[in-house]
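Here's the letter readout for the chains.
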Amino acid sequence: LPPARRSLGADHDTTLLLNEYLARALKQKPEHTRDDLIEIRTIMLDVVQRRRRVFGPARPRTINAESQLSHVHEELAALRLGVVGAQDSSGFSMTPESGTTCHVLLPCQ
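A brief look at the structure comes next.

Parameters and conventions
Residues numbered from 1 in each chain as written. Predicted model: local features only at pLDDT ≥ 70, side-chain atom pairs only at ≥ 80, totals over all residues. Heavy atoms only, no water. Helix = DSSP H or I, 4+ residues; strand = E, 2+ residues; numbered from the N terminus. Expected span 1.5 Å × (residues − 1). Buried < 20%, exposed > 50% of the residue type's maximum accessible area, 1.4 Å probe, protein only. Arc of directions from axis to C-beta. Contact = heavy atoms within 4.5 Å. Salt bridge = Lys/Arg side-chain N within 4 Å of Asp/Glu carboxyl O. Core = buried A, V, L, I, M, F, W, Y, C linked by side-chain atoms within 4.5 Å. Polar contact = N/O pair within 3.5 Å; in protein donor to acceptor, adjacent residues only side chain to side chain.

1. Details of helix 3 (residues 34–55)
What sets the pattern is the α-helix's 3.6 residues per turn: residues three or four places apart point alike. Across its 22 residues, helix 3 extends 30 Å between first and last C-alpha, which sits within 8% of the 32 Å expected from 1.5 Å per residue. Looking only at helix 3, the buried set comprises D36, L37, I40, I43, M44, V47, V48 and R51. The buried residues of helix 3 occupy one face: seen down the axis, they fall within an arc of 140 degrees. Exposed residues pointing more than 90 degrees away from the buried face of helix 3 are listed as R34, D35, Q49 and R53. Each element contacted by the buried residues of helix 3 is listed here: helix 2 (13–28) and helix 4 (60–81). A positive phi of about 100 degrees marks G56, the residue just after helix 3.

As structure tokens, this is what we get:
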């Protein structure tokens, strides 16, 4: 990514797409961690802010980036609440442990 930033600039569409691909790759790792999610959130916050400023909020790639960021926020919120069995709109899910009762928006009991 640093060569793309140097040659194209941080606001170039290709540089932003490469950042989105990096975030997606980190999230698709089966063993992604909370720290990975925080890094993904940081990347996607930057992408969304740049896309809004450079291309506008109504552009399809801006909307897609906002959606990706929303999914990361949902997953971080589920982890923060200790929700087991939660599933966000991107399909991420945590398997409930034996003997627990869970609701998507509530902590397990």
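2. Some words on the pattern of salt bridges
Across all of its chains, the model carries nine salt bridges by this definition. In this structure, the salt-bridge partner of D11 is R50, at a minimum N-O distance of 2.6 Å. Here R50 lies in helix 3 and D11 lies in the loop between helix 1 (2–8) and helix 2, a separation of 39 residues in the sequence. Note that K27 and E75 form a salt bridge whose closest N and O atoms lie 3.1 Å from each other. On the criterion of sequence distance, the pair formed by K27 in helix 2 and E75 in helix 4 is long-range, its members being 48 residues apart. Overall, K27 belongs to the buried group, its relative accessible area being 18%. Beyond isolated ion pairs, a larger network of salt bridges with shared partners links D11, D46, R50 and R53.

3. A word on the nonpolar core
It is characteristic of soluble globular proteins that their nonpolar side chains tend to be buried jointly. Formed by 13 residues in total, the largest nonpolar core has its most connected members in A23, I40, I43, M44, V47 and A65. Of all the elements in the fold, those that place two or more residues in this core are helix 2, helix 3 and helix 4. By residue number, the principal contributor to this core is helix 3, which donates six residues.

4. Digging into the side chain of Q68
Counting through the fold element by element, Q68 comes out in helix 4. With relative accessibility at 13%, the residue Q68 sits in the buried group. Engagement of the side chain of Q68 in a polar contact is seen with the side chain of E20, the distance being 3.3 Å. Excluding anything up to four places from it in sequence, Q68 contacts E20, R24 and M44.

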